[in-house]
Amino acid sequence: MLGRFKNLAPKAAYIDICRRVHEYIEYYIRQALKDYSLKEKSLNTHAPYQRQRSLVQNLATQTNDMRFIRSQILQGMMAAQETISVLVSNTMFLMARHPSEWALLRTEVLGGGEDLFNYHELSTFKPLQNILSEGTPVYSQRFIFTHDIQPSGFTRCSQC
Amino acid sequence: MLGRTCLQDTTLPMGGGKNQDQPIYVKKGTFVVTSYIAMHMDPRVFGKSPELFRPSRWNEIRPSQWEYMPFGGGERACLGREKVLAEAAYVIARLAQTFARVQSRDDRPWKELVRMTAKNANGCSVGLFSG
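Residues numbered from 1 in each chain as written. Chains lettered and ligands numbered in written order. Predicted model: local features only at pLDDT ≥ 70, side-chain atom pairs only at ≥ 80, totals over all residues.

(A) Summary view of the overall build of chain B. Across its full length, chain B holds 3 helices and 8 strands. Sequence-ordered secondary structure for chain B, helices as α and strands as β, is β-β-β-β-α-α-α-β-β-β-β. For 131 residues, the compact-globule formula gives about 14 Å, and the C-alpha radius of gyration of chain B, at 19 Å, lies well above that figure. Per-residue burial for chain B yields a buried fraction of 20% across its 131 residues. Taking the intrachain contacts of chain B between residues at least 6 apart in sequence as the baseline, contacts between residues at least 24 apart amount to 31%. (Helix = DSSP H or I, 4+ residues; strand = E, 2+ residues; numbered from the N terminus. Rg over C-alpha atoms; globule rule 2.2 N^0.38 Å. Buried ≥ 20, exposed ≤ 12 C-beta atoms within 10 Å, placed from the backbone. Contact = placed C-beta atoms within 7 Å.)

(B) Inspection of the confidence of the model for chain B at higher detail. Residues and elements named next belong to chain B. Looking at chain B, pLDDT values average 88 and 96% of them are 70 or higher. Of all secondary-structure elements in chain B, the lowest mean pLDDT belongs to strand S7 (residues 118-120), at 74, while strand S8 (residues 126-129) reaches the highest, 96. Listed scores for the predicted complex are pTM 0.71 and ipTM 0.87. (pLDDT = per-residue confidence, 0-100.)

(C) Unusual backbone geometry, seen in detail. Residue and element names in this part refer to chain B. The phi dihedral of Gln 20 is positive, around 55°, even though this residue is not glycine. The residue Gln 20 is located in the loop between strand S2 (10-16) and strand S3 (22-26) in this model. Positioned with a positive phi, Ser 49 is a non-glycine residue whose angle comes to about 45°. Along the polypeptide, Ser 49 turns up in the loop between helix H2 (43-46) and helix H3 (81-98).

(D) Region of interest: the confidence of the model for chain A. Residue-level pLDDT values for chain A average 78, and 72% of them are 70 or greater. Taken element by element, chain A is modelled with least confidence in helix H2 (residues 47-50) of chain A, mean pLDDT 50, and with most confidence in helix H5 (residues 99-112) of chain A, mean pLDDT 96.

(E) Structural view of H5 of chain A. Residues and elements named next belong to chain A. Taking 1.5 Å of rise per residue, 14 residues should cover 20 Å, and H5 covers 20 Å from first to last C-alpha, within 8% of that figure. Within H5, burial applies to Glu 101, Trp 102, Leu 105, Arg 106 and Val 109. Around the axis of H5, the buried residues are gathered within 135° of arc, so they sit on the same side. Turned more than 90 degrees away from the buried face of H5, the exposed residues are Ser 100, Thr 107, Leu 110 and Gly 111. Once H5 finishes, Gly 113 follows within two positions and takes phi at roughly 65°, a positive value. (Expected span 1.5 Å × (residues − 1). Arc of directions from axis to C-beta.)

(F) The arrangement of the nonpolar core in detail. Counting 27 residues, the largest nonpolar core has Met 92 and Leu 128 of chain A together with Ala 88, Ala 89, Ile 92, Ala 93 and Ala 96 of chain B as its most contacted members. Sorting elements by how many residues they give to this core places H3 of chain B first, with 9 residues. The residues touching Ala 88 of chain B, leaving out its near neighbours within four places in the chain, are Ile 84, Leu 87, Val 88, Thr 91 and Leu 132 of chain A. Listed in part, the 8 residues of the second largest apolar core include Ile 29, Tyr 36, Ile 69 and Ile 73 of chain A. (Core = buried A, V, L, I, M, F, W, Y, C linked by C-beta atoms within 7 Å.)

(G) Up close: the packing of H5 of chain A against H3 of chain B. H3 of chain B packs onto H5 of chain A with a crossing angle of 95° between their chain directions and a minimal axis gap of 8 Å. The orientation of H5 of chain A relative to H3 of chain B falls into the category roughly perpendicular. Where H5 of chain A abuts H3 of chain B, its residues Trp 102, Leu 105, Arg 106, Val 109 and Leu 110 of chain A lie against Ala 93, Ala 96 and Gln 97 of chain B. Of the residues contributing to the contact of H5 of chain A with H3 of chain B, the split by class is 6 nonpolar, 1 polar and 1 charged. (Axes fitted to C-alpha atoms, helices over the stretch in contact; angles between N-to-C directions. Parallel < 35°, antiparallel > 145°, perpendicular 65-115°, else oblique. Nonpolar A, V, L, I, M, F, W, Y, C, P; charged D, E, K, R; others polar.)

(H) Region of the structure containing the pairing of S2 of chain B. The element S2 of chain B is largely exposed, with a buried count of 0 among its 7 residues. Counting the residues in the hairpin turn of S2 of chain B and S3 of chain B gives 5 residues, including Gly 17 of chain B, whose phi is positive at 75°. (Pairing = 2+ DSSP bridges.)

Structure, rendered in structure tokens:
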């Protein structure tokens, strides 16, 4: 963002944070790489390992490029970090300006009771999912391009 | 917006010319930026007045994966879609359960602040009333 002046900005704290984040992730990457190489030797096939769902484990089956795996993981974590709060904030921004929609939602939520509060019910709870569907394209549409750290492959969704 | 580099000479079926109904030629190597806002404002897909906040329109419309794509699409689509929608729904449903009214405490329009993520530059200032 500072362009060619970025070397003048203080960054000791930034570098220290990057180092700690990288160390944290690399611990799990090393573990995944080790697990994979052990499994590969004993079974000589990828199939059983690929059933694992974790991103780091799957990446470890494809490459042993530490930096590449780390960038992919970091990208996923960064997206997961703030996006939900942004979506909640934007939705509440809209709700505050559409009181009738809030009243409708409240009626439905109260009608649903405590049974509503689980993953499946909430994911298919139409009155609220409609609000989220309607809100996402209105406000959170600003994509950014971070040429220096964005690894290839992931789509930056509007929540990122 | 979403940026992509064109990997081979391509012709997009429409969008060119005065009436935007002519094909567009995209040469290999071109950096193309698509605007999702423009795409999500198409009345043919989202019904009348797509710029208005009207959640009930989702009872009538069913856009395809390439017409509505706040989470991208295809193999490169957002990994966190289901997680985000469920967690945001949880928080908002709890708020709706607890508070009868939400009042805006900020008259300014939405303004973006683009960092690693994009968010509301003015934050979200609201009053919540239990009764």
